[in-house]
Amino acid sequence: MPFLPSTIETFFLSKRGDMGELPMGNGREIFHFANHVVKGRWFSLFASFLIMAGAGATYLFGTYSKEIKASLGYDQTTLNLLGFFKDLGANVGVFSGLIAEVTPTWFVLLVGAAMNFTGYFMIWLSVVGKIPKPKVWHMCIYICLGANSQNFANTGALVTSVRNFPESRGNMIGLLKGFTGLSGAIMTQLYLAVYGNDSKSLILLIAWLPAAVSVIFVYTIREMRVVKQPNQLRVFYYCLTIAIVLALFLMVMTLVEKAVAFSHAAYVVTATVACALLFLPLLVFVREELDVFRRKNMPISPPQIDTEHRPVVLEKEDNSTTLEIKKGDTNSKCFWFTDIFFNKPERGEDYSILQALLSTDMLILFLATFCGLGTSLTAVDNLGQIGESLGYPTTTIKSFVSLLSIWNFFGRIFSGFVSETLLVKYKFPRPLMMTLVLLLSCIGLLLIAFPFPGSVYVASVIIGFSFGAQLPLLFSIISELFGLKYYSTLFNCGQLASPLGSYILNVKVTGPLYDRQALKELAKKGLTRSSVKELTCIGNQCYRQAFIILASVAFFGALASLILVARTRNFYKGDIYKKFREQAEATEAEMASTNNNRIH
């Protein structure tokens with residue numbers, strides 16, 4: 001960034017008098033600061049933002065699925081089967097979690113990049129006819145492989161960021177998953193600018209762009225020691241503001257592009273603005289790192305040390321840490337069977353993988369996720385065909401997909417930031433917010449079952465919002481109930497309910513019901529299935545029965561999450577972040593003491 005050296009030099013010169021004898025403002029200090037920024041927690045978070053912004057290719061399935069269906073001659077059941085394997089790959093993250101337990105973060109990200117490019121590039125080759133028409137199971141493998149790559153991005157970027165900022169995990173997960181929610185709209189703008197209005201080329205963009213971003217930033221994302229920073233929450237709210245502006249810009253552009261014919265140059269301008277907003281958090285983080293760098297290199301005289309507070313905190317943290325280690329040693333001596341089923345830790349402590357997976361809390365959370373994400377994914381995967389069945393033009397259907405992506409983002413940041421604020425200030429449990437979100441999704445599903453003019457616009461907003469809100473809540477609840485030690489595996493296991501729900505509700509329920517209605521329409525015209533290449537249903541009745549069933553399932557999921565609310569009410573009444581706050585204070589005290597000894 002060409003403006004960075006002059007900005008840093010101006011800051012250093014203005015602060016020369018406050019920084020003691022350090023020779024600020026020269027090239028050497030600028031180099032040290034740049035190195036400090038790249039190795040810092042905030043730049044790691046910025047890189048995570050970019051990686052997560054490219055990890056939402058699965059949400060664009062509704063845009064390019066029509067190309068797959070038409071070019072390969074699939075019926076809706078076959079297309080929904082592909083949608084299931086997409087959801088299966090996107091949500092079976094156990095492999096990435098287990099790999100992350102034994103390998104460094106950079107390896108996890110590189111594996112994800114390779115899988116992303118291979119899977120989607122093979123789909124693109126198939127759709128454009130550059131290779132012979134693949135068998136259906138080949139396509140299932142391709143899309144499952146490509147979609148599974150986002151779990152490696154999640155595990156590498158999200159888990160590392162949560163561990164680097166444990167006291168702000170709700171805000172953190174909301175932002176990271178929010179950028180993933182915006183991924184569909186961002187990539188839509190990019191492919192319009194690069195390739196024009198060509199849905200087949202969108203698949204090619206999905207193949208190479210996320211992989212390239214992961215490779216570029218692969219070594220900057222790593223776990224670091226947690227340090228207490230008083231203005232940390234303010235920085236996150238700056239990022240939230242930038243993200244909301246980006247989302248609003250994308251939403252306005254989506255609506256304008258629907259009403260006005262854009263030239264290629266206009267698409268280039270909108271994509272450039274979107275990228276500029278996406279990179280804007282870097283300025284916020286550079287400013288934050290300036291303050292960190294200044295404090296790190298400032299001589300600390302004895303009067304500046306909080307002698308009444310810091311030694312006490314450090315001693316307290318050392319003692320507490322010792323007690324936690326002793327407790328862990330004691331538990332490790334228990335028989336594995338009793339340890340798993342009878343001697344489980346308290347909620348909020350570090351569960352083992354089996355302890356967490358076989359707990360009642362996880363089973364209830366699994367059921368609620370099966371109902372909530374299963375119904376939402378079914379709606380997302382069928383959105384293109386829903387618009388087609390109700391007579392909307394192709395440009396409008398793309399608007400539905402973009403609106404769903406944008407409101408997916410709003411749902412994620414809302415559930416992340418609002419649930420965090422309500423939890424800290426009012427002890428409002430996150431499982432209760434999940435209940436409310438599932439009830440909201442029922443409304444969106446019913447709007448598709450009983451459509452009226454313009455109802456799909458409203459349904460896209462509601463379903464996108466509720467779908468987006470569920471993921472940060474799920475990931476946050478798992479981290480809070482079962483600890484962070486095995487979080488990379490547990491949060492991936494927790495979302496396994498999503499592809500299971502998608503398979504049953506999408507492949508076994510929605511697809512066959514749609515095809516049954518389409519065959520009835522053909523029979524009325526005196527035609528058979530062999531008479532047409534593509535099986536299509538037109539009319540309000542195409543999805544009515546299926547979405548009534550989906551709304552009922554979502555309501556059942558809300559009842560299941562309400563049971564979890566009752567079970568965890570006492571846990572959420574306590575201070576769930578106390579131990580992380582004490583660890584951060586102890587680390588800060590230790591670093592201050594070390595820095596003071598080094599200087600004096």
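Residues numbered from 1 in each chain as written. Predicted model: local features only at pLDDT ≥ 70, side-chain atom pairs only at ≥ 80, totals over all residues. Heavy atoms only, no water.

1. Looking at the overall build of the protein
For the record, the criterion: Going along the chain from the N terminus, every DSSP run of H or I of four or more residues is numbered as a helix, and every run of E of two or more is numbered as a strand. Whether a residue is buried, partly exposed or exposed follows from its accessible area with a 1.4 Å probe, protein chains only, as a fraction of its type maximum: under 20%, in between, or over 50%, in that order. Each accessible area is a Shrake-Rupley estimate made with a 1.4 Å probe; only the visible protein chains count as cover when residues are assessed.
Scanning the protein from N- to C-terminus turns up 25 helices and zero strands. Taken across its 600 residues, the protein has 57% of its residues classed as buried. Accessible area of the protein: about 24,400 Å², with a carbon and sulfur share of 66%.

2. Focus on the packing of aromatic side chains
Condition: Two rings from Phe, Tyr or Trp (for Trp, the six-membered ring) form a pair when their centres sit within 6.5 Å of each other. Planes less than 30 degrees apart are called stacked, planes more than 60 degrees apart edge-to-face, and all others tilted. Consider the ring centre and the ring normal. A charge sits over the ring if Lys NZ or Arg CZ is within 6 Å of that centre and within 35 degrees of that normal.
With the rule as written, the count across this model stands at 29 aromatic pairs. Measuring from centroid to centroid gives 5.9 Å for phenylalanine 43 and phenylalanine 46, while their planes differ by 50 degrees, and the two rings are tilted. Remark: phenylalanine 46 and phenylalanine 43 occur in helix α3 (residues 41–53); sequence separation between them is three residues, near one turn of the helix. For the pair phenylalanine 43 and phenylalanine 46, a shared accessibility class is recorded, and that class is buried. Aromatic side chains tyrosine 237 and phenylalanine 417 sit 5.2 Å apart centroid to centroid with 65 degrees between the ring planes, which places their arrangement in the edge-to-face category. Taken together, the positions of tyrosine 237 in helix α11 (residues 232–259) and phenylalanine 417 in helix α19 (residues 394–426) put the pair 180 residues apart, joining distant regions of the chain. Exposure remark for tyrosine 237: the relative accessible area of 31% places this residue in the partly exposed category. The class for phenylalanine 417 is buried, based on a relative accessible area of 4%. One cation-aromatic arrangement involves arginine 41 over phenylalanine 165; the distance from NZ or CZ to the ring centre is 4.3 Å.

3. Points about empty space enclosed by the protein
Using the following cut-off: Both cavities and pockets are sets of points on a 1 Å grid over the protein atoms alone; in a cavity a 1.4 Å probe fits but cannot get out, in a pocket the set is open with protein on both sides within 12 Å along at least five of seven lines, and lining residues sit with an atom within 4 Å of a point. Grid points are joined across faces, edges and corners, and a volume is the space filled by probe spheres set on the points.
Under the definition given, this model contains four cavities of 30 Å³ or more. By volume, the largest cavity is sized at about 150 Å³. In this structure, the largest cavity is lined by 21 residues; those nearest its centre are Gly54, Asn116, Ser149, Ala153 and Pro210. Of all the elements, helix α8 (residues 136–164) adds the most residues to the lining of the largest cavity, at six residues. Within this model, the second largest cavity holds a volume of roughly 120 Å³. Around the second largest cavity, the lining comprises 15 residues; the ones closest to its centre are Tyr59, Ala90, Asn91, Gln150 and Phe467. A per-element tally of the lining of the second largest cavity places helix α5 (residues 76–91) first, with four residues.

4. Some details on the state of the cysteines
Under the convention used in this document: Put simply, a disulfide is two cysteine sulfurs that come within 2.5 Å.
Taken as a whole and assessed by the stated rule, the structure comprises one disulfide. One disulfide bridge connects cysteine 537 with cysteine 542, the sulfur atoms lying 2.0 Å from each other. Taking the sign of the torsion about the S-S bond as the criterion, the disulfide between cysteine 537 and cysteine 542, at about -85 degrees, is left-handed. With relative accessibility at 2%, the residue cysteine 542 sits in the buried group. No disulfide involves cysteine 140; its sulfur sits 8.6 Å from that of cysteine 144, the nearest cysteine. On the basis of relative accessibility, which here comes to 4%, the residue cysteine 140 falls in the buried class.

5. Structural notes on helix α9 (residues 169–194)
What counts, and what does not: Working rule for helices: expected span equals 1.5 Å times residues minus one. Bend is the name given here to the angle between axes fitted to two runs of seven residues, the run ending at a residue and the run starting at it.
For α9, built from 26 residues, the straight-helix expectation of 38 Å at 1.5 Å per residue is met to within 8% by its first-to-last C-alpha distance of 36 Å. Within α9, the axis deviates most sharply at serine 183, by approximately 40 degrees. Where burial is concerned, most of α9 is hidden: 25 out of the 26 residues are buried. Two residues or fewer after α9 comes glycine 196, characterised by a positive phi angle close to 80 degrees.

6. Some points on the packing of α9 against helix α12 (residues 264–279)
A pair of packed helices can be characterised by two numbers: the angle between their axes and the separation between those axes. Heads up, the rule is: Axis geometry follows a simple rule: fit a line to the C-alpha atoms, using only the stretch in contact for helices, then measure angles between N-to-C directions, giving values from 0 to 180 degrees. Less than a right angle of anticlockwise turn of the near helix away from the far helix marks a crossing as left-handed, whereas a clockwise turn marks it as right-handed. The contact criterion used throughout is that any non-hydrogen atoms of two residues lie within 4.5 Å. Gly is put with the polar residues, along with every residue not named as nonpolar or charged; the nonpolar set is Ala, Val, Leu, Ile, Met, Phe, Trp, Tyr, Cys and Pro, and the charged set is Asp, Glu, Lys and Arg.
Viewed as axis vectors pointing N to C, α9 and α12 meet at an angle of 145 degrees, and their least axial separation amounts to 7 Å. In this structure, α9 crosses over α12, and the sense of that crossing is left-handed. Residues Phe179, Ile186, Gln189, Leu190, Leu192, Ala193 and Val194 of α9 touch α12, and the partners they reach there are His264, Tyr267, Val268, Thr270, Ala271, Cys275 and Leu278. Partitioning the contact of α9 with α12 into residue classes produces eleven nonpolar, three polar and no charged.

7. Quick look at a nonpolar patch on the surface
Applicable threshold: Residues qualify for a patch when their relative accessible area is over 30% and they have no salt bridge, like charges being joined within 9 Å and the nonpolar side chains of Val, Leu, Ile, Met, Phe, Trp and Tyr within 5 Å. The term salt bridge refers to a side-chain nitrogen of Lys or Arg lying within 4 Å of a carboxyl oxygen of Asp or Glu.
On the surface, Leu367, Leu436, Leu439, Phe555, Phe556 and Leu559 cluster together into a nonpolar patch covering about 530 Å² of accessible area. Where the nonpolar patch is concerned, the elements lending two or more residues are α20 (430–449) and α24 (544–573). Of the residues forming the nonpolar patch, the biggest block, three residues, is contributed by α24. Summarising the element assignment, leucine 559 is placed in helix α24.

Any link to function would need more than the numbers given here.
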